[in-house]
Amino acid sequence: MKKSIVLVAALFLVSVLSAQKTDKRLAGLDKQLNQVLTDWNAAGFAVAVVKKDRVLYAKGFGYRDYENKKPVDANTLFEIGSSTKAFTSSLLGMLREEGSVDFNESPRKYIPYLAFQNDQLNTEATVKDFMSHRSGLPRHDFAWYMFNTDDKDSLLQRIEHQEPFAGVRERWYYNNYGFLIQGVITEKITGKSWEENIKERIFEPLGMSRSNTNISGLKTDNNAAFGYEVKDDEIVKMDYYDISGMGPAGSIGSSVNDMAKWAMLWLNKGKNGEKQILPEGYIDEAMSSHAVVSAGLPRKESPDMFFANYGYGWFLASYKGHYRVEHGGNIDGFSASVSFFPTDDLGIIVLTNQNGSSVPSIVRNTIADRMLKVRKEDWSKKLKDQLNKGKEDGEEAADDTSSNKVEGTKTSHALVAYTGKYNNPGYGTFEVSVKNDSLFAEFPTLKFWLEHYHYDIFVPHRMSKDGSIDIDEDQEVVGLTISFKTGADGEISGLEGALEPTIDPITFSRKPTSVALTQDEVQAYVGEYDLFGQTVKFYTKDSETLYAFIKGQPEYELIYTGNNVFALKILDGYKVAFDVVKNGKFDTATFKQPNGNFKAHRKE
């Protein structure tokens, strides 16, 4: 009995000592954060607060699995999105310290096949320009988000065809491809993948044992969050998005306990205990200004909040007179904020499984007000009021705006004429198909229903994996329309869409989808035809593919597109249409070209 009493007393003493260690500035924080969870209808989030080299607070709120009410804790994995960027730039900081890379050199020195669309980018842009988003390239995010691939080199080769909107170092503009470039530089220098470098040079030395560089890390972990969004005040589960080859810009998954170690590394000038992980010189340089994001002027209600600059993978700002280094992150179903105040030895990490969420900034600012002992604000109410005002302004603007939709119009062609593969070398290839009187656009990992708007203009709506269609009240889920174009031959030649707002619409050329023919069917086209005294020979090699040959020209492989029409595989806008059947074989072949139509007749 006496031993039991002593044990209870010891446990009580540990409890008291633990309570005494809790920072008084965090008293009552749990209640405040639970209110944020309710106010913003969030599935869950986790928070960590660090002071120099100590974790003051680490806790989860809500659910990582909302349907099954599985709670979030400080070890729950979330996707951190673009908060990954500081990790990628840090690898370059390490390699520079080793003498392997020069920030003032062109990235083409390290990636020989890398090319840009203009000479200025090819000759003047430096590694540093891509670390601080000042290359002059706009985002071109659809080029990776809708055409993703595991192959980083394949993604990089698209950059040559992506149009810049400003000169090098002329303007700051966020660009994920710049961080892909950095990630590939580390691969070329080290001979290891970006993923291996992150693990071996950062995760393992810091003891970030829960962290990973691929969505599979969340899919296979027994304490990982599912992603959610809010629709009509309902919390709805989202599919995981595999960022694949664009990983250096935003694929890390982590917990607040692990991310606390990352924040403490920065607060301690790159040291983890006595070991220097990141060079101190790089730490100072990375959180110094290298580009002006915006004027960042103070407002009357917030005179102590001003300036908006960018370092290397970090946004820089003055928060109520305190220097803040921060980067947010957003990827399907997840939002994040990783921040630290270097002169205050304070770090705050907020990870949530809510899509495009205000929760990370609300929680971050709420805690910062407490820890920095500055004027406190009800950030939840403040952002909610701003959001509501924005909605009201939007509704008023909508009331004053009339639709340009022309009712009663129809497409210029039958829907089957729009089917085919559409390509832009700076983006990729997708396929348009028809089913049940509707058009669908299918990308490598995403599918859209194309709703007819008017004439040859359609509105795309994202479809879920279960086949359901995502339609909001404005009927424009992705916020754009696509316009199909007709060529000189009267056929659909391609389409365009405003995928990048800073430049002209992006154009995709069309190649008709091949339709399979049987051996017997293809034989009906085989034979020699007279074209103004020249012999055109149609023949097969494998009994199923038709070829055409005219003396003095190359052999042309033909692609059957239906209705007895073939497209020339290597020539856009050139087709052969067969007509008039005699004795089971076609008697005429009309060559449809941009400069006219030319008819050939079967030779006896």
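Residues numbered from 1 in each chain as written. Predicted model: local features only at pLDDT ≥ 70, side-chain atom pairs only at ≥ 80, totals over all residues. Heavy atoms only, no water.

Enquirer: Now, about the sheet that holds strand 3 (residues 70-71): what can you tell me, with residues and values included?
Expert: Taken in spatial order, the 9 strands of this open sheet run 3-2-1-15-14-13-12-11-10, and their pairing is antiparallel. Each edge of the sheet is formed by a strand with only one pairing partner; in this case those strands are strand 3 and strand 10 (291-294). As defined by bridge partners, strand 12 (residues 315-319) adjoins strand 13 (residues 322-331) across 5 bridges and the pair is classed as antiparallel. Note that in strand 13 the partner of Phe315 across the bridge is Glu326. Set on the sheet, helix 13 (residues 359-371) makes contact with strand 1 (44-51), strand 2 (54-65), strand 12, strand 13, strand 14 (334-341) and strand 15 (346-352); between it and strand 15 the angle comes to about 155 degrees. (Pairing = 2+ DSSP bridges. Helix = DSSP H or I, 4+ residues; strand = E, 2+ residues; numbered from the N terminus. Contact = heavy atoms within 4.5 Å. Axes fitted to C-alpha atoms, helices over the stretch in contact; angles between N-to-C directions.)

Enquirer: Can you tell me about the packing of helix 3 (residues 85-97) against helix 11 (residues 256-267), naming the residues and giving the values?
Expert: Put simply, helix 3 and helix 11 touch, their axes get as near as 13 Å, and they point 50 degrees apart. On the basis of the axis angle, helix 3 is oblique to helix 11. Seen along the crossing, helix 3 lies across helix 11 with a hand that is left-handed. Along its contact with helix 3, which presents Ala86, Phe87 and Ser90, the element helix 11 presents Met259, Trp262 and Trp266. When the residues that make up the contact of helix 3 with helix 11 are grouped by side-chain class, the tally is 5 nonpolar, 1 polar and no charged. (Parallel < 35°, antiparallel > 145°, perpendicular 65-115°, else oblique. Left-handed = near helix turned anticlockwise from the far one by under 90°. Nonpolar A, V, L, I, M, F, W, Y, C, P; charged D, E, K, R; others polar.)

Enquirer: Give me the lowdown on the packing of helix 3 against helix 8 (residues 177-190), citing residues and values where you can.
Expert: At a closest axis distance of 9 Å, the pairing of helix 3 and helix 8 adopts a crossing angle of 40 degrees. Relative to helix 8, the crossing made by helix 3 is left-handed. Here Lys85, Thr88, Ser89, Leu91, Leu92 and Leu95 of helix 3 lie close against helix 8, whose contacting residues are Phe179, Gln182, Gly183, Ile185, Thr186, Ile189 and Thr190. In the contact of helix 3 with helix 8, the residues fall into 6 nonpolar, 6 polar and 1 charged.

Enquirer: So, the pattern of salt bridges: which residues are in play, and what are the values?
Expert: Per the stated rule, a full pass over the model turns up 27 salt bridges. Across the pair Asp153 and Lys188 runs a salt bridge, and its minimum N-O distance is 3.6 Å. A residue pair is termed long-range when its members are at least 10 positions apart, and Asp153 in helix 7 (residues 152-156) and Lys188 in helix 8 qualify at 35 residues. Lys188 gets classed as partly exposed once you look at its relative accessible area, which sits at 39%. Here Lys382 and Glu377 are joined by a salt bridge, their closest N and O atoms 2.9 Å apart. Residue class for Lys382 comes out partly exposed when judged on its relative accessible area of 22%. (Salt bridge = Lys/Arg side-chain N within 4 Å of Asp/Glu carboxyl O. Buried < 20%, exposed > 50% of the residue type's maximum accessible area, 1.4 Å probe, protein only.)

Enquirer: Just give me the short version of the sheet that holds strand 28 (residues 565-568), but keep the residues and values in it.
Expert: In spatial order, the strands read 24-25-26-27-28-29-30-31; together these 8 strands close into a barrel with antiparallel pairing. The sheet shows a mean angle of 30 degrees between the axes of neighbouring strands, direction not considered. Sheet analysis places strand 29 (residues 575-582) next to strand 30 (residues 585-593), joined by 7 bridges and oriented antiparallel. Paired with Asp579 across the bridge in strand 30 is Thr588.

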